[in-house]
Amino acid sequence: MWCVVVVCVALAAAASSVTAEAGPQVWRVEAPGHHIVLRSLENEGLVDVLGSVTSHSKVLVERSAKERVSRALSEAQVEHKVEVEDVLPLIEQERQHIRHKRSTRFTQNVAQPMDWTSFHDLDDIEGFIGWLNATGGPFVQVANAATTQEGHKVLVVRITDPNSPGPKKKVWIEGGIHAREWISPAVTSYIMYQLVTNPAWQELLQVADWYMVPVANPDGYEFSFSSPRARMWRKNRRNNGNSGQCRGVDLNRNWDFKWGVGASNNPCSETYMGPLAFSEPETRGLQFLMSSVRDIDLFITFHSFGQTILYPWGWTRTAPANSRQLKRLAKKFADTVREVSGGSTDYEIGGSGPLYGLASGATDDWTYGVLGVPYSYTIELPDQGTYGFLLPENRVSSTVMETAAGVHCMVGFLANAGQCARRRARNPHNRIFG
Ligand SMILES: *[C@@H]1O[C@H](CO)[C@@H](O)[C@H](O)[C@H]1NC(C)=O
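Because the structure is predicted, anything quoted here is derived from the model rather than measured.

### Details of the packing of helix α5 (residues 122-136) against helix α6 (residues 183-197)
Here is step 1: As a packed pair, α5 and α6 sit with axes 11 Å apart at the nearest point and diverge in direction by 15°. Considered as vectors, α5 and α6 are oriented roughly parallel to each other. In the packing of α5 onto α6, the handedness of the crossing is left-handed. In contact with I125, F128, I129, W131, L132 and G136 of α5, α6 contributes P185, S189, M192, Y193, V196 and T197.
Here is step 2: Across the contact of α5 with α6, the residue classes tally to 9 nonpolar, 3 polar and no charged.

In structure tokens, the structure reads:
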């Protein structure tokens, strides 16, 4: 047994020596009140909160910040333990696998289908969108919501059935607003694939128009594939001026609703809210398209990790007016995922403020509070923190499938179609809203 451990350590050391210096560590932080001290450390740019539950959080701590963070936690009487000595070797492992896949199976910049057995970079996803557009005919339209600082397009794919007269629900799904949450674009693109190719989704196309944003933060997403150091990148790649030291805006803190609540005004922080609300082309472009679509019924943004389905508000602990309906629809999702995963994936349902601590400028509070989208959710995809962002690739296909099934049920319930349709005969006027 010791031998095995020693070999592992030796391999890890070898892998990290390739990248010259030791990388950041993952700490597990617990104790009541840990959210508050972490939030202030995060605002100072000293830690990067990877994920939280009520009892503990996992944070990324750079070597250079170790002592200051440790001191601040001790002063606040908050316990911590080092869970991962160095994340770089883990990232190296993931990268070697992806490189291998890419070189054997994918060529760049070509319209082609995709698989969901591994993670894909921006080129692959754009190639997939090209393929979907070419395959889907009149069912698929691609719009460009914005052009980023680095010249990428923020693509919005509208998937509709032009032969069904409606009325239809409108569903908007956002993926990839945080760069490192790779499972999010995977889930979003998989739902797109189902809508266009799977007969079991046809009924939902007849009753709903789908607006899909697989990668809301293309600059950040591409960057997160560029090197082991970049893998944990969250923000976009805005040049914040400070001699290039600290780049990026947290796009999920940049929306113009309660902007600044629970966000940082420090450009070095992972939760930097930007110089102004909607300062970023990505959020500006997306809000413009969403506003012009009008009357969106359901909004979902996919994040990772945590296995929670969150409804507004993020900026206050007060429950929103229709929280009962929000919970009911969230339960459709959670119950379906539990069933499809054979009981292995359990979601917690709650308000994002009460569950995660107050933060706003996020897409879901904006869609709910400004656009008036009655059903707005943030779904924190698996896992619960064992791997966090470094979800193993063998979890990709089961995660995308169970999540898509959950979304299928939510939309079916809303639009009264498919397996989760409410019983029409019994309750003909049972409309959830309006
Ligand atoms: C989508 O397909 C249409 C028609 O075939 C084409 O004109 C358009 O350039 C395509 N857009 C993308 C983004 O591939």
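### Brief notes about the sheet that holds strand β5 (residues 140-147)
Here is step 1: Across the sheet, 8 strands lie side by side as β5-β6-β8-β7-β9-β12-β10-β11; this open sheet has mixed pairing. Because the sheet does not close on itself, it has two edges, and the strands there are β5 and β11 (348-351). Ignoring strand direction, the axes of neighbouring strands in this sheet form an average angle of 20°.
Here is step 2: Relative to β11, strand β10 (residues 308-311) is paired through 4 bridges, and the arrangement is parallel. Note on β11: the bridge partner recorded for T308 is E348.
Here is step 3: With respect to the sheet, α5 is in contact with β5 and β6 (153-159), its orientation differing from that of β5 by roughly 145°.

### Some thoughts on the state of the cysteines
Here is step 1: Following the criterion strictly, the structure yields 2 disulfides and no others.
Here is step 2: A sulfur-sulfur distance of 2.1 Å marks the disulfide that ties C246 to C268. Because the sign of the S-S torsion sets the handedness, a value of about 85° for the bond joining C246 and C268 places this disulfide among the right-handed ones. Within this pair, whereas C246 is found in the loop between α8 (218-224) and α9 (281-293), its partner C268 is found in the loop between α8 and α9, the two being separated by 22 residues in sequence.
Here is step 3: We classify C246 as buried; its relative accessible area is 15%.
Here is step 4: The partly exposed category is assigned to C268, whose relative accessible area is 35%.
Here is step 5: The partner cysteine of C409 in its disulfide is C420, sulfur to sulfur 2.1 Å. Taking the sign of the torsion about the S-S bond as the criterion, the disulfide between C409 and C420, at about -105°, is left-handed. With a gap of 11 residues between them, C409 in helix α13 (residues 396-415) and C420 in the segment after α13 connect regions that are remote in the sequence.
Here is step 6: Ordinal numbering of bonded cysteines along the protein defines a disulfide pattern of 1-2, 3-4.

### Things to note about the sheet that holds strand β4 (residues 79-84)
Here is step 1: On the basis of which strands lie adjacent, the open sheet formed by 4 strands has the order β2-β3-β1-β4 and antiparallel pairing. Whereas interior strands pair on both sides, the edge strands pair on one side only; in this sheet they are β2 (47-52) and β4. Between one strand axis and the next, the sheet turns through 30° on average, direction left out of account.
Here is step 2: Pairing analysis gives 5 bridges linking strand β1 (residues 25-30) to β4, with the strands arranged antiparallel.

### Structural notes on the pairing of strand β3 (residues 56-61)
Here is step 1: Here β3 lies mainly inside the structure; 6 of its 6 residues are buried.
Here is step 2: Side-chain alternation along β3 places H56, K58 and L60 on one buried face and S57, V59 and V61 on a second face that is also buried.

### Looking at helix α10 (residues 323-340)
Here is step 1: Its 18 residues give α10 an end-to-end C-alpha distance of 26 Å, which sits within 8% of 26 Å, the value for a rise of 1.5 Å per residue.
Here is step 2: Restricting attention to buried positions, one finds in α10 the residues S323, L326, L329, A330, F333, A334, T336 and V337. The buried residues of α10 all sit within an arc of 160° when viewed along its axis, so they share a single face. Facing away from the buried side of α10, by more than 90 degrees, are the exposed residues R324 and E339.
Here is step 3: Where α10 is buried, its residues meet β9 (298-304), β10, β11, α12 (363-371), β12 (375-381) and α13.
Here is step 4: Residue G342 follows α10 closely and has a positive phi angle near 65°.

Calculation notes
- Residues numbered from 1 in each chain as written.
- Predicted model: local features only at pLDDT ≥ 70, side-chain atom pairs only at ≥ 80, totals over all residues.
- Heavy atoms only, no water.
- Axes fitted to C-alpha atoms, helices over the stretch in contact; angles between N-to-C directions.
- Helix = DSSP H or I, 4+ residues; strand = E, 2+ residues; numbered from the N terminus.
- Parallel < 35°, antiparallel > 145°, perpendicular 65-115°, else oblique.
- Left-handed = near helix turned anticlockwise from the far one by under 90°.
- Contact = heavy atoms within 4.5 Å.
- Nonpolar A, V, L, I, M, F, W, Y, C, P; charged D, E, K, R; others polar.
- Pairing = 2+ DSSP bridges.
- Disulfide = S-S within 2.5 Å.
- Buried < 20%, exposed > 50% of the residue type's maximum accessible area, 1.4 Å probe, protein only.
- Expected span 1.5 Å × (residues − 1).
- Arc of directions from axis to C-beta.

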